[in-house]
Amino acid sequence: MLSLTWAILSALTLSVSAGNKIWDGSFNPFTTATDFDKWDWSTPVGTYQWYIHGSQSTSRYLAVSSDYKNPAMSSEQRGLKLTIDGTSNWNGQTLERTELIPQTSSNLGSGNLFYHFSVKRSSTNPPDSTLEHQVCFFESHFTELKYGVGSNPTSLTWMISGAEQWNIPFDANTWFNFAYDIDFSAGTVGLWASTGSDPLKKVVQNRSAPTSTNSADWHLGVLRIVTNQTPEDWYFSGVYVENGPITTAIGSGGSPPSSSPPASTSPSTTQPTTTQAPTTTTAGPTQTQWGQCGGVGWTGPTVCASPFTCTPVSPPYYSQCI
Ligand SMILES: *[C@@H]1O[C@H](CO)[C@@H](O)[C@H](O)[C@H]1NC(C)=O
């Protein structure tokens, strides 16, 4: 009976259970930094929202080049160099921020999803380990990397709701590959990691976390706390979100593995899609601080968590909980 049920579930979910990319954050479509400017609230085109940045032109904060990718990623033509500096204050904040947000109609907050990205620094414009950095975080900070904090400030430290779980020294000129293993139904998150071209391994098993996203609040980039003039360069590559099972190979992301065995085929790894509630505008969900709460086309939460107020910051296109 159990296997029959599983067979039916497998058939029903076959099209979504083979490690499909549900959002592709590859920089292949971006041939120059100005391509990110094609997106705005009135013309939400492409794969990234680009609005959390300082007042200077985009080329001051973003650059794309084949030199900026993880060389193991053969399917990627280029990676991203992302800069924060003393001009990176966004929206009147004293924080410095250069962040990209997924632009997608996919639900990035349902079922078991893997948020993949790789990050590197070099010895030029390295991050300052005396300052707190939030890296690749969700608005609610249920999971993220940090740098410059905690027991190992020179490490990339993986956090759940601000509590340290794991860290690795953030050495120069090494690519650090990650996947956040998030079960939005069960409320758990685990971590996969590797360096260079090594396949991802699960380095932290699932732990309880208040998992949630409105599909437009994962921040691919860096937030530096306090104003500091010193520029920092961060490099990103291999960005995508897939549903399970996870693709562990670096560079072949998001399609069913052909030459390597599947990471796991245990029936428990797939959640029936019928149990997953979509993002809804009905009473209940509230938006967190800095999250979107209104604007043209917005279908997410319109009520802000206390004590924040939904404020039109770029009317009529964008309102935010401030
Ligand atoms: C971790 O969570 C994922 C998603 O729910 C699940 O597929 C996997 O089996 C879990 N792993 C363990 C060891 O519990």
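Below, the structure is looked at part by part. (Residues numbered from 1 in each chain as written. Predicted model: local features only at pLDDT ≥ 70, side-chain atom pairs only at ≥ 80, totals over all residues. Heavy atoms only, no water.)

### As for the environment of Leu 108
Reasoning step 1: Mapped onto the fold, Leu 108 is located in the loop between strand 5 (96-102) and strand 6 (112-120).
Reasoning step 2: Between the C-alpha atom of Leu 108 and that of Asp 217, which follows or precedes it by 109 residues, the distance is 9.7 Å. (Helix = DSSP H or I, 4+ residues; strand = E, 2+ residues; numbered from the N terminus.)

### What to know about the pattern of salt bridges
Reasoning step 1: Under the counting rule described, the total for this entry stands at eight salt bridges.
Reasoning step 2: Residue Arg 224 pairs with Glu 96 through a salt bridge whose shortest N-O separation is 2.6 Å. Of the two residues, Arg 224 is situated in strand 14 (residues 218-224) and Glu 96 in strand 5; the sequence distance between them amounts to 128 residues. For the residue pair Arg 224 and Glu 96, the accessibility class agrees, reading buried in each case.
Reasoning step 3: Among the charged side chains, a network of salt bridges with common partners joins Glu 96, Arg 224 and Glu 232. (Salt bridge = Lys/Arg side-chain N within 4 Å of Asp/Glu carboxyl O. Buried < 20%, exposed > 50% of the residue type's maximum accessible area, 1.4 Å probe, protein only.)

### A look at the sheet that holds strand 2 (residues 48-52)
The strands that make up a sheet are held in pairs by hydrogen bonds between backbone atoms, and each pair lies either parallel or antiparallel.
Reasoning step 1: Read across the sheet, seven strands follow the order 2-5-14-7-8-9-10 without closing on themselves; strand pairing throughout is antiparallel. The open sheet terminates on both sides in strands that have one partner only, identified here as strand 2 and strand 10 (163-169). The mean angle between the axes of side-by-side strands here comes to 20 degrees, regardless of whether they run parallel or antiparallel.
Reasoning step 2: Where strand 7 (residues 133-138) lies against strand 8 (residues 143-147), three bridges are found, and the strand directions are antiparallel. Paired with His 133 across the strands is Tyr 147, a residue of strand 8. (Pairing = 2+ DSSP bridges. Axes fitted to C-alpha atoms, helices over the stretch in contact; angles between N-to-C directions.)

### Some points on the packing of aromatic side chains
Reasoning step 1: Counted by the stated rule, this structure contains 25 aromatic pairs.
Reasoning step 2: An angle of 50 degrees between the planes, with centres 6.3 Å apart, marks the rings of Phe 36 and Tyr 48 as tilted. Placement of the pair is Phe 36 in the loop between strand 1 (21-24) and strand 2 and Tyr 48 in strand 2, with a sequence separation of 12 residues.
Reasoning step 3: We classify Phe 36 as buried; its relative accessible area is 1%.
Reasoning step 4: Note on Tyr 48: relative accessible area 1%, which makes it buried.
Reasoning step 5: Taken together, a centroid distance of 5.5 Å and an interplanar angle of 35 degrees make the contact between Phe 170 and Trp 234 tilted. Taken together, the residues span a long stretch of sequence, with Phe 170 in the loop between strand 10 and strand 11 (176-183) and Trp 234 in strand 15 (residues 232-243) at a distance of 64 residues. (Phe/Tyr/Trp six-rings, centres within 6.5 Å; stacked < 30°, edge-to-face > 60°.)

### As for the sheet that holds strand 16 (residues 292-294)
Reasoning step 1: Spatial strand order, 16-18-17: three strands in an open sheet with antiparallel pairing. Edge strands, defined here as strands with exactly one partner in the open sheet, are strand 16 and strand 17 (310-314). Between one strand axis and the next, the sheet turns through 50 degrees on average, direction left out of account.
Reasoning step 2: Of the strand pairs in this sheet, strand 16 and strand 18 (residues 318-321) are connected by two bridges, and their pairing is antiparallel. Across the sheet, the residue bridging to Gly 294 is Ser 319, located in strand 18.

### A short note on the pairing of strand 9 (residues 155-160)
Reasoning step 1: With six of six residues buried, strand 9 lies mostly within the body of the structure.
Reasoning step 2: In strand 9, alternate side chains face the same way, and those of Ser 155, Thr 157 and Met 159 on one face and Leu 156, Trp 158 and Ile 160 on the other are all buried.
Reasoning step 3: One ladder, built from five bridges, connects strand 8 with strand 9; its direction is antiparallel. Counted as the bridge partner of Leu 145 is Trp 158 from strand 9.
Reasoning step 4: As defined by bridge partners, strand 9 adjoins strand 10 across six bridges and the pair is classed as antiparallel. Directly across from Thr 157, in strand 10, lies its bridge partner Asn 167.
Reasoning step 5: The hairpin formed by strand 9 and strand 10 contains two residues between the paired strands, and Ser 161 there has a positive phi angle of roughly 45 degrees.

### Section: the side chain of Ser 26
Reasoning step 1: By the element assignment, Ser 26 lies in the loop between strand 1 and strand 2.
Reasoning step 2: What makes Ser 26 buried here is its relative accessible area of 8%.
Reasoning step 3: Leaving out residues up to four positions away in the same chain, Ser 26 has contacts with Glu 76 and Val 239. (Contact = heavy atoms within 4.5 Å.)

Nothing here speaks to function; it is all geometry.
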